[in-house]
2 protein chains.
Amino acid sequence: MGPLACFRLKGMTSLSPTPRTSLGRKKHRAATDRATLYSVLDEALICHLGVVRDGAPLVLPTGYARDGDTLYLHGSTGAASLRAATGGVDVCVTVTLLDGIVYCRSVNNHSMNYRSAVILGRAETVTDPDAKMHALHVLTDHLSPGSWEHARGVNAKEFAAVSVLALDLAEASVKLRAEGPDDEADDVEADAAWAGVLPVRTVFGEPEPAADLSAKWTTPEHVAQRVTKEGAAAR
Amino acid sequence: MGPLACFRLKGMTSLSPTPRTSLGRKKHRAATDRATLYSVLDEALICHLGVVRDGAPLVLPTGYARDGDTLYLHGSTGAASLRAATGGVDVCVTVTLLDGIVYCRSVNNHSMNYRSAVILGRAETVTDPDAKMHALHVLTDHLSPGSWEHARGVNAKEFAAVSVLALDLAEASVKLRAEGPDDEADDVEADAAWAGVLPVRTVFGEPEPAADLSAKWTTPEHVAQRVTKEGAAAR
């Protein structure tokens with residue numbers, strides 16, 4: 001069945017096939033182009049990091065950024081779950097963009113349009129200071145382009161208190177659905193229900209200055225230019 | 001450190017504390033009201049389901065819906081990962097809503113506003129036919145309200161080909177950040193950078209009718225009413 005058919009927990013075809021990433025179902029939905037993987041990772045803002053803790057899965061949202069074929073994650077050195085992701089243990093990082101709700105003539109064929117990347121591997125702590133500072137730069141550019149240049153830089157105390165993990169994109173897969181309704185022929189013939197796609201988009205609204213921001217400031221260009229037409233309409 | 005400070009992989013305070021869901025960090029960010037858990041689950045459209053496969057974590061996006069204190073997930077009976085989530089094994093379901101990018105005077109304090117729910121437990125397959133049909137109704141209402149009444153219903157073959165899992169919300173936690181920049185006093189004093197929040201919203205655009213939709217149809221009200229002002233502006 002599937003009002004959420006595309007999100008059935010199927011496997012996916014891998015960009016770099018291994019037994020773990022070639023689970024076999026709906027292979028036609030796998031994008032074999034590495035550029036698609038990059039575009040998904042570059043567009044989304046958060047990932048879901050899965051680790052095994054005491055034999056059970058734990059999935060938490062976190063920020064990330066891609067640099068070539070490396071994915072960076074970071075967090076406080078004191079975070080238990082970040083520590084659980086280090087030390088050569090297996091992790092899974094999943095990034096999903098929801099693009100639309102697919103309405104079909106039958107309830108069963110309802111679905112979603114989406115793009116999703118799954119990365120398996122073992123994360124390594126970035127210890128070299130130059131590499132770590134580079135990773136922080138990449139992470140900042142992904143979350144808030146322009147802030148690395150605009151805001152006060154990372155000081156020694158802050159630098160020491162953060163951990164950065166690096167995960168290779170070698171074992172990565174991407175899967176997507178980007179099409180209209182896929183109805184049974186009988187249902188199309190019957191013409192008894194509407195069918196189509198309701199697009200889903202993530203938009204940025206008008207920036208809200210900090211309560212204690214001094215009067216001298218207008219919104220800087222690196223922030224203002226992120227506001228989307230849709231977001232501005234929400235005022 | 002934290003351009004993505006709120007997404008550091010910290011623990012969270014549980015609504016129903018257990019050792020697994022009281023990881024101890026940033027407890028002030030935990031919402032202790034069960035209504036907050038419900039609102040996060042009811043607003044989001046997809047979850048990330050974590051399972052352990054061959055000792056390694058696997059995280060996949062899937063649709064879900066809440067009914068009281070039960071979370072339903074569903075998928076094809078043939079999906080390997082869905083099977084991996086059944087049979088009394090531990091699963092983790094995480095639902096995250098991203099609400100804003102928090103720009104601070106320092107790179108280090110950059111953060112995100114978000115709401116996130118984490119549910120731990122063991123999923124059970126819904127086998128009773130009435131309960132299973134009810135779950136499909138709940139799942140459909142969550143993804144596409146009105147479709148259960150509008151579209152052709154689930155037939156026997158389709159009903160047999162879908163699995164529905166139920167996960168109790170007993171061991172659930174919710175965590176959120178919903179505030180402005182949290183800068184160091186020295187940085188506020190220096191007044192050398194802008195600070196504020198860039199709101200992030202998920203919007204629905206104008207419905208796109210199926211290519212093979214007959215000319216008799218206009219967009220039905222249950223679809224049209226989901227279009228958000230922001231989404232309509234994207235035309």
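None of these values were measured; they are calculated from a predicted model.

Trainee: What should I look at first to understand the nonpolar core in this one?
Mentor: When a protein is soluble and globular, its nonpolar side chains tend to lie buried together. Counting 60 residues, the largest nonpolar core has A:L41, A:V93, B:L41 and B:V93 as the members making the most contacts within it. Leave out the neighbours within four places in its chain, and A:L41 touches A:Y64, A:R66, A:L71, A:V95, A:A117, A:I119, A:H142 and A:L169.

Trainee: It is not clear to me how the packing of aromatic side chains should be interpreted in this structure. Could you clarify?
Mentor: Describing an aromatic ring pair means giving the distance of the ring centres and the angle of the ring planes. Using the criterion set out here, one finds two aromatic pairs over all chains in the structure. On the basis of an interplanar angle of 65° and a centroid distance of 5.9 Å, the ring pair of A:Y103 and A:W194 is categorised as edge-to-face. With A:Y103 in strand 4 (residues 90-103) and A:W194 in the loop between helix 6 (185-190) and strand 9 (196-204), this residue pair connects regions lying 91 residues apart in the sequence. Here A:Y103 and A:W194 have matching classes, each one buried. Over the aromatic face of A:Y38 sits the side chain of A:R66, whose NZ or CZ is 3.9 Å from the ring centroid. The lysine or arginine in question, B:K132, covers the ring of B:F159, its NZ or CZ lying 4.6 Å from the ring centre.

Trainee: Explanation requested: the side chain of B:S116 in the structure shown.
Mentor: In this fold, B:S116 is placed in strand 5 (residues 111-122). Among the polar contacts listed, one links the side chain of B:S116 to the side chain of B:T96, at a separation of 3.2 Å. Every residue in contact with B:S116, bar those within four places of it in the chain, is listed here: A:P61, B:T94, B:V95, B:T96, B:S173, B:V174 and B:K175.

Trainee: Which parts of the structure should I look at to understand the state of the cysteines?
Mentor: Residue and element names in this part refer to chain B. Within the structure shown, the criterion is met by zero disulfides over all chains. Not part of a disulfide, C92 finds its nearest cysteine sulfur in C47, a span of 9.8 Å. We classify C92 as buried; its relative accessible area is 0%.

Trainee: Explain helix 1 (residues 34-43) of chain B to me, please; I cannot follow it from the model alone.
Mentor: Because each turn of an α-helix spans 3.6 residues, side chains separated by three or four positions in sequence point in the same direction. Along helix 1 of chain B, the positions that sit buried rather than exposed are B:T36, B:L37, B:V40 and B:L41. Looking down the long axis of helix 1 of chain B, one finds its buried residues gathered within 130° of arc, a one-sided arrangement.

Trainee: Is there a simple way to think about the pattern of salt bridges in this case?
Mentor: Charged atoms that come close allow side chains of opposite charge to pair. Across all of its chains, the model carries 22 salt bridges over all chains by this definition. We note a salt bridge from A:D69 to A:R34, for which the minimum N-O separation is 3.3 Å. Taken together, the residues A:D69 in the loop between strand 2 (56-67) and strand 3 (70-76) and A:R34 in helix 1 (residues 34-43) connect sequence positions 35 residues apart. Of the charged contacts in the structure, one is a salt bridge between B:R115 and B:E43, with a shortest N-O distance of 3.0 Å. Separated by 72 residues along the polypeptide, B:R115 in strand 5 and B:E43 in helix 1 bring together distant segments of the chain.

Calculation criteria
Residues numbered from 1 in each chain as written. Chains lettered and ligands numbered in written order. Predicted model: local features only at pLDDT ≥ 70, side-chain atom pairs only at ≥ 80, totals over all residues. Heavy atoms only, no water. Core = buried A, V, L, I, M, F, W, Y, C linked by side-chain atoms within 4.5 Å. Buried < 20%, exposed > 50% of the residue type's maximum accessible area, 1.4 Å probe, protein only. Contact = heavy atoms within 4.5 Å. Phe/Tyr/Trp six-rings, centres within 6.5 Å; stacked < 30°, edge-to-face > 60°. Helix = DSSP H or I, 4+ residues; strand = E, 2+ residues; numbered from the N terminus. Lys NZ or Arg CZ within 6 Å of the ring centre and 35° of its normal. Polar contact = N/O pair within 3.5 Å; in protein donor to acceptor, adjacent residues only side chain to side chain. Disulfide = S-S within 2.5 Å. Arc of directions from axis to C-beta. Salt bridge = Lys/Arg side-chain N within 4 Å of Asp/Glu carboxyl O.

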